Structure formats: structure tokens, C-alpha cells
Amino acid sequence: MIRRRVSVPRVLLGAVLVLGFALAGAVVANRVDTRVPVLAAAHDIAAGQTISDADLTVVRVAAEAGVTTVPEAQRATVVGRTAAMPVAAGSLLQPALLGDVAWPPAGQAVIAVGVKPGHAPAGLAAGSHVTVLIVPTSNAPGTAPSSGPSSVVQADATVVSVEQATDQSGTLVVSLLLSGSAATRIASTAGEPSLVQLGAGR
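What counts as what
Residues numbered from 1 in each chain as written. Predicted model: local features only at pLDDT ≥ 70, side-chain atom pairs only at ≥ 80, totals over all residues. Heavy atoms only, no water. Helix = DSSP H or I, 4+ residues; strand = E, 2+ residues; numbered from the N terminus. Buried < 20%, exposed > 50% of the residue type's maximum accessible area, 1.4 Å probe, protein only. Contact = heavy atoms within 4.5 Å. Areas by Shrake-Rupley, 256 points an atom, 1.4 Å probe, with all protein chains shown as cover. Pairing = 2+ DSSP bridges. Salt bridge = Lys/Arg side-chain N within 4 Å of Asp/Glu carboxyl O. Core = buried A, V, L, I, M, F, W, Y, C linked by side-chain atoms within 4.5 Å. 1 Å grid on protein atoms, 1.4 Å probe; cavity = no way out; pocket = protein on both sides within 12 Å on 5 of 7 lines; lining within 4 Å. Points joined across faces, edges and corners; volume = space filled by probe spheres on them. Nonpolar A, V, L, I, M, F, W, Y, C, P; charged D, E, K, R; others polar. Arc of directions from axis to C-beta. Polar contact = N/O pair within 3.5 Å; in protein donor to acceptor, adjacent residues only side chain to side chain.

Overview of the overall build of the chain
Next up, step 1: Secondary structure assignment for the chain yields three helices and seven strands.
Next up, step 2: Overall, the chain shows an N-to-C arrangement of helices and strands of α-β-β-α-β-β-β-β-α-β.
Next up, step 3: By the burial criterion, 22% of the 202 residues in the chain qualify as buried.
Next up, step 4: Long-range pairs, those at least 24 residues apart, make up 65% of the contacts in the chain between residues at least 6 apart in sequence.
Next up, step 5: Here the chain displays about 12,900 Å² of accessible surface, and carbon together with sulfur accounts for 58% of that area.

In C-alpha cells, the structure reads:
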């Protein structure tokens with residue numbers, strides 16, 4: 001049986017080549033990855049809230065033209081600033097979200113409605129687009145009772161926040177952003193509201 005002699009120089013050369021290819025691959029991967037570290041909300045931030053370091057997290061996103069973000073390097077300058085409007089958890093921070101409170105926007109209003117179990121879809125979250133439907137339980141004094149579809153009060157809105165009521169009834173307290181006139185109409189209607197979630201392309 002003939003044994004082949006192992007060439008130590010060749011083994012070393014092979015190891016060097018493997019290591020070299022691995023390093024080259026890592027360099028190429030880093031160059032291909034165009035994502036940059038930017039700041040995002042670690043959890044929901046309310047309008048007017050002073051932002052702390054714990055409110056911030058860092059995510060890596062692809063740099064896109066026209067998309068304004070706040071680089072991780074500016075984290076220290078963001079801490080202590082005021083949120084100009086609500087920022088949902090996971091949302092990328094933008095310069096326009098910082099500064100004097102500008103919430104709700106002009107011509108719009110925020111109201112809260114109590115939604116009983118079964119009157120809203122599961123998984124409803126901030127940013128969802130919904131239609132608010134209320135069937136009035138009574139009519140104004142001196143007016144004839146109304147009937148049919150025309151009696152339903154409805155308005156389109158955007159969900160600002162969703163919280164469980166403290167009375168353990170299962171009721172959801174949903175804050176909604178909608179036009180000022182629609183807010184007044186919904187808030188002044190006695191009845192149980194239902195929320196219908198709309199698709200993103202509504």
C-alpha cells in the first residue's frame with residue numbers, strides 16, 4: 001500500500017485561499033448592503049410627550065430618495081424633544097414628527113368611543129382606517145322617529161389608539177381622528193358604535 005505524502009505548503013496555501021475568499025465575500029456583502037441605521041419609536045409615543053432615550057430604537061432600512069429619516073447618529077439631539085403628533089410603535093422617526101405640538105391637524109378632531117365586544121374587528125390597531133357606524137337609540141325631542149338605513153350615522157376615521165377599558169367589561173376605548181364636523185356628529189349621537197375596518201386601498 002503506497003501512502004501519499006502530504007504537502008504542507010499546499011495545505012497552508014489552500015487555507016490561506018479559503019480565508020481570503022471568505023474575507024472577500026464579507027467585504028462584498030457589506031458593500032451590497034445599502035441599509036442605514038435610523039431611529040424608530042420603541043413603543044407608542046403620544047403627541048406632546050417629551051421623548052426619552054427609552055422611547056427610541058434603531059433599525060436598519062434601505063436609503064430611498066424622498067424618504068426623510070433621522071440617522072442613529074442624531075439620537076442624542078432627539079432625546080428631550082417633543083413629539084409634534086402621535087408616533088406609533090415601530091414607526092420611523094422623521095423631523096416633521098418633532099417640535100411644537102401640531103395635533104390634531106387643522107380641520108380635524110380626535111374623539112374616543114367605547115366599542116363593546118363584537119363591534120370591532122380583532123387586531124384593530126393605530127393607523128387602521130375604519131368607518132364608524134352608530135344606530136341612534138333615540139331621536140331629538142319634537143322629531144318623528146326615523147327608520148331604515150338613513151337613520152344610521154356614519155363617518156370615516158383613522159384609529160389613533162386602542163386600549164382596554166379599566167372596568168374589565170371587555171369594552172375597547174378607541175381614539176379616532178376624523179373631520180371636525182364628523183367628530184361632532186358622532187360624539188352627539190346616542191347609540192352603540194361599531195367599527196368597520198377598511199382596506200389599505202380604500
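Focus on the pairing of strand β5 (residues 153-164)
Next up, step 1: Bridge count for strand β4 (residues 129-134) against β5 is six bridges, and the pairing is antiparallel. By the bridge assignment, leucine 133 is partnered in β5 with glutamine 154.
Next up, step 2: Pairing of β5 with strand β6 (residues 172-179) involves six bridges; the strand directions are antiparallel. When the bridges of β6 are listed, glutamate 163 appears paired with valine 173.

Some remarks on the pattern of salt bridges
Next up, step 1: Applying the stated criterion to the full structure yields two salt bridges.
Next up, step 2: Across the salt bridge formed by lysine 116 and glutamate 192, the nearest N and O atoms sit 2.8 Å from each other. On the criterion of sequence distance, the pair formed by lysine 116 in the loop between β3 (108-115) and β4 and glutamate 192 in the loop between α3 (180-187) and β7 (193-197) is long-range, its members being 76 residues apart.

Comments concerning the nonpolar core
As a rule of thumb, nonpolar side chains are buried together in soluble globular proteins.
Next up, step 1: Val174, Leu176, Leu178, Ile186 and Leu195 are the most contacted members of the largest nonpolar core, which totals 19 residues.
Next up, step 2: Formed by twelve residues, the second largest nonpolar core is a distinct cluster that contains Ile51, Ala83, Leu97 and Leu98.

A word on the layout of surface pockets
Next up, step 1: Roughly 370 Å³ of volume is contained in the largest pocket.
Next up, step 2: In terms of lining residues, the largest pocket is bounded by 18 residues, among which Pro86, Val87, Ala88, Ala126 and Val160 are the most central.
Next up, step 3: Looking at the lining of the largest pocket element by element, the count peaks at four residues for β5.
Next up, step 4: The residue inventory of the lining of the largest pocket, partitioned by class, reads twelve nonpolar, five polar and one charged.

Considering α3
Next up, step 1: Residues of α3 that are buried include every one of Ala182, Ala183 and Ile186, and no others. Down the axis of α3, the sector holding all buried residues measures 100°, keeping them to one side. Pointing more than 90 degrees away from the buried face of α3 are the exposed residues Ser181 and Thr184.
Next up, step 2: Buried residues in α3 make contact with β3, β4, β5 and β6.

Focus: the side chain of threonine 131
Next up, step 1: Of note, threonine 131 is situated in strand β4.
Next up, step 2: Classification of threonine 131 as buried rests on a relative accessible area of 11%.
Next up, step 3: At 2.8 Å, the side chain of threonine 131 forms a polar contact with the side chain of aspartate 156.

So, the environment of glycine 114
Next up, step 1: Tracing the backbone shows glycine 114 in strand β3.
Next up, step 2: The exposure class of glycine 114 is partly exposed, given its relative accessible area of 41%.
Next up, step 3: As a C-alpha pair, glycine 114 and alanine 165 span 51 residues in sequence and 8.2 Å in three-dimensional space.
Next up, step 4: Not counting chain neighbours up to four residues away, the residues in contact with glycine 114 comprise Thr171, Leu172 and Pro193.

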